[in-house]
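Residues per chain, in single letters:
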Amino acid sequence: MKTKETVDTKGSLGHSPIHVTVLAIVAALIGVFFFILEPLGNLPVERENSLYYSGAFAKYETGRNYSMIYLEDGTSYEIYPHTEPEELRERLEAMEAGTPLELWVNPNTNCLAEIRANGEVLLEFASSQEEVYTYGYGYVGIGIFVCVAAVFWVCYTVVEQKKKKTELDRRERSAARVYDSGDTVPLRSAAPAEKQKILLSADHGVYRICYRRVGKVNELIVNGRVYDEYKALVEFEHALCAIVDGHEIEAGLTADSNSYILFDDEILAEKKRWI
């Protein structure tokens, strides 16, 4: 019977609570980095607080996640690659070596905030910083999502563990409720209900088996008597069990949302549950 299986101490995500907590803390720290540190690293500065450099242009290099200007004195300066204007890229690619450049660097980003060639502004100070800062807000959304996901993961695992313990306790109480013969003592007669949902039913010889839900209570009924019940506003995986005339009868809901009825470990009925 399914009730003989050991209740797994791991959550449905396949990790122990300690493992989940550690991973959630790591995820939350990553989320905080994106949410707070990334935007702070892109803060604009006033022109007087920027770093000024000048020199002769040597070459320009660009790739997937980087964009660099090299001067003839061997120094190099980064352009924020994700907000680099296409027009600027084209001008730098066509620029001749030796062209005089004036450069202003934002010390918060260590990226160029303004570029002038022969006095002409190729990258404007205020607008370039605004674009970089605005781009950083995309990471804020990522940070919020990661933090919320971490909290949800922990809460979900706590609920899973509590659910498993509650179900284990319920099964132990049910198993202790037996006659001297070993048969299960019925809880009560199955009263007619105006609002009930028959989840599954099956006949096996003289045994009429019904698995139903009345209100927030799921019942296992055999020949008109309720032998086991499961109370929950929201259903999780569970197994309702009874021993009747020496026969093991079970009905319940699997982790895959399948309702089932077993008779001496033989499946009598099974159905996918969608609601």
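Before reading further, recall that the structure is shown in the block above.
Thresholds, definitions, all that
Residue numbers here run from 1 along each chain, matching the order of that chain's written sequence. The model is predicted, so local features are restricted to residues of pLDDT at least 70 and side-chain atom pairs to those at 80 or more, both for listing and for counting; the totals for chains, interfaces and linings are taken over all residues. Just so you know, side-chain values use all the structure's heavy atoms and leave hydrogens and water out. Each helix is a run of DSSP H or I of at least 4 residues and each strand a run of E of at least 2, with the numbering of both proceeding from the N terminus. Whether two residues are in contact is decided by their heavy atoms: any pair within 4.5 Å suffices. Here the open area of atoms and residues is found with the Shrake-Rupley method and a 1.4 Å probe, where only the protein chains shown may cover a residue. For every residue, the accessible area (1.4 Å probe, protein chains only) is compared with the maximum for its type, and the residue is labelled buried under 20%, exposed over 50%, or partly exposed between those bounds. Note on pairing: two strands pair once DSSP finds at least 2 bridges between them. Of the grid points, spaced at 1 Å and generated over the protein atoms alone, those admitting a 1.4 Å probe that cannot get out make up cavities, while open sets with protein on both sides within 12 Å along at least five of seven lines make up pockets; any residue with an atom within 4 Å of a point is treated as lining. Grid points are joined across faces, edges and corners, and a volume is the space filled by probe spheres set on the points. Planes of paired rings set the category: under 30 degrees apart is stacked, over 60 is edge-to-face and the rest tilted, where pairs are Phe, Tyr or Trp rings (Trp by its six-membered ring) whose centres lie within 6.5 Å. Note on geometry: a ring has a charge over it if NZ (lysine) or CZ (arginine) is within 6 Å of the ring centre and within 35 degrees of the ring normal. Surface patches are defined over residues having more than 30% relative accessible area and no salt bridge, joining like charges when they lie within 9 Å and nonpolar side chains (Val, Leu, Ile, Met, Phe, Trp, Tyr) when within 5 Å. Throughout this description, the term salt bridge denotes a Lys or Arg side-chain nitrogen within 4 Å of a carboxyl oxygen of Asp or Glu. Charge convention: Lys and Arg are scored as positive, Asp and Glu as negative, and His as well as the terminal groups of each chain are ignored. In this description, the location of a charge corresponds to atom NZ of lysine, CZ of arginine, CG of aspartate or CD of glutamate.

Participant: Just to check I follow, could you spell out the overall build of the protein for this structure?
Facilitator: Along its length, the protein carries three helices and 15 strands. Intrachain contacts of the protein at a sequence separation of at least 6 include 50% that bridge at least 24 residues. Carbon and sulfur atoms provide 57% of the accessible area of the protein, an area that totals close to 15800 Å².

Participant: Would you mind going over the pairing of strand E5 (residues 111-117) with me for this structure?
Facilitator: Consecutive side chains of a regular strand alternate in pointing toward one face of the sheet and then the other. Of all the seven residues making up E5, six are buried; the element is thus mostly covered by neighbouring parts of the structure. One ladder, built from six bridges, connects strand E4 (residues 100-106) with E5; its direction is antiparallel. Paired with Asn106 across the two strands is Cys111, which belongs to E5. Once E4 ends, the chain turns through four residues before running back antiparallel as E5, passing Asn110 with a positive phi of about 60 degrees. Note: E5 against strand E6 (residues 120-123), three bridges, orientation antiparallel. Along E6, the bridge assignment pairs Ala117 with Glu120.

Participant: Explain the pairing of strand E14 (residues 258-263) to me, please; I cannot follow it from the model alone.
Facilitator: Counted residue by residue, E14 has six buried out of six residues, so it is predominantly covered. Side-chain alternation along E14 places Asn258, Tyr260 and Leu262 on one buried face and Ser259, Ile261 and Phe263 on a second face that is also buried. For strand E13 (residues 247-253) and E14, the ladder comprises five bridges, and the chain directions are antiparallel. Bridge pairing links Ile249 to Phe263 in E14. Note: E14 against strand E15 (residues 266-272), six bridges, orientation antiparallel. Across the sheet, residue Asn258 finds its bridge partner in E15, namely Lys272.

Participant: Would you mind going over the layout of surface pockets with me for this structure?
Facilitator: To find leftover empty space, one rolls a probe the size of a water molecule over the atoms. Roughly 310 Å³ of internal volume is contained in the second largest pocket. Every residue lining the second largest pocket is counted, 16 residues in all, and those nearest its centre are Thr166, Glu167, Arg170, Tyr230 and Lys231. When residues of the lining of the second largest pocket are traced back to their parent elements, those giving at least two are helix H3 (125-176) and strand E11 (225-231). In terms of residue count, the dominant contributor to the lining of the second largest pocket is H3 (eight residues).

Participant: Mind showing me how you'd approach the packing of aromatic side chains here?
Facilitator: Each pair of aromatic rings is reported with the distance of its centres and the angle of its planes. Scanning all chains against the criterion turns up three aromatic pairs. Here Tyr207 and Phe263 contribute two aromatic rings whose centre-to-centre distance is 5.5 Å and whose plane-to-plane angle is 45 degrees, an arrangement assigned as tilted. Residue Tyr207 is found in strand E9 (residues 207-214), and its partner Phe263 is found in strand E14; the two are separated by 56 residues along the sequence. Across this residue pair, the class does not change: Tyr207 and Phe263 are buried. Against the face of Trp104 rests Arg47, its NZ or CZ located 5.2 Å from the ring centre. Between the NZ or CZ atom of Lys59 and the centre of the ring of Tyr70, over which it lies, the distance is 5.0 Å.

Participant: What's the story with a negative patch on the surface in this structure? I'm lost.
Facilitator: A grouping of Glu86, Glu87, Glu90 and Glu93 is seen on the molecular surface, where their side chains present a negatively charged patch. Relative to the helices and strands, Glu87 resides in helix H2 (residues 86-94). Residue Glu87 is classed as exposed on the basis of its relative accessible area, which comes to 58%.

Participant: Can you walk me through the environment of Cys147 in this structure?
Facilitator: Tracing the backbone shows Cys147 in helix H3. We classify Cys147 as partly exposed; its relative accessible area is 23%. Taking the C-alpha atoms as reference, Cys147 lies 8.0 Å from Leu29; in sequence the two are 118 residues apart.

Participant: It is not clear to me how the environment of Glu131 should be interpreted in this structure. Could you clarify?
Facilitator: Relative to the helices and strands, Glu131 is located in helix H3. Here Glu131 falls in the partly exposed class, since its relative accessible area comes to 41%. The spacing of Glu131 and Asn42 is 89 residues in sequence and 9.8 Å in space, taken between C-alpha atoms.

Participant: Would you mind going over the sheet that holds strand E8 (residues 197-204) with me for this structure?
Facilitator: Sheets are built from strands that pair by backbone hydrogen bonding, the pairs being arranged parallel or antiparallel. Here five strands make up an open sheet; going across it, the order is E7-E11-E10-E9-E8 and the pairing antiparallel. Pairing within the sheet leaves two strands with one partner each, and these edge strands are strand E7 (188-189) and E8. Across six bridges, E9 lies against strand E10 (residues 217-222) in antiparallel orientation. When the sheet's bridge partners are listed, Arg213 is paired in E10 with Asn218.

Nothing here speaks to function; it is geometry throughout.
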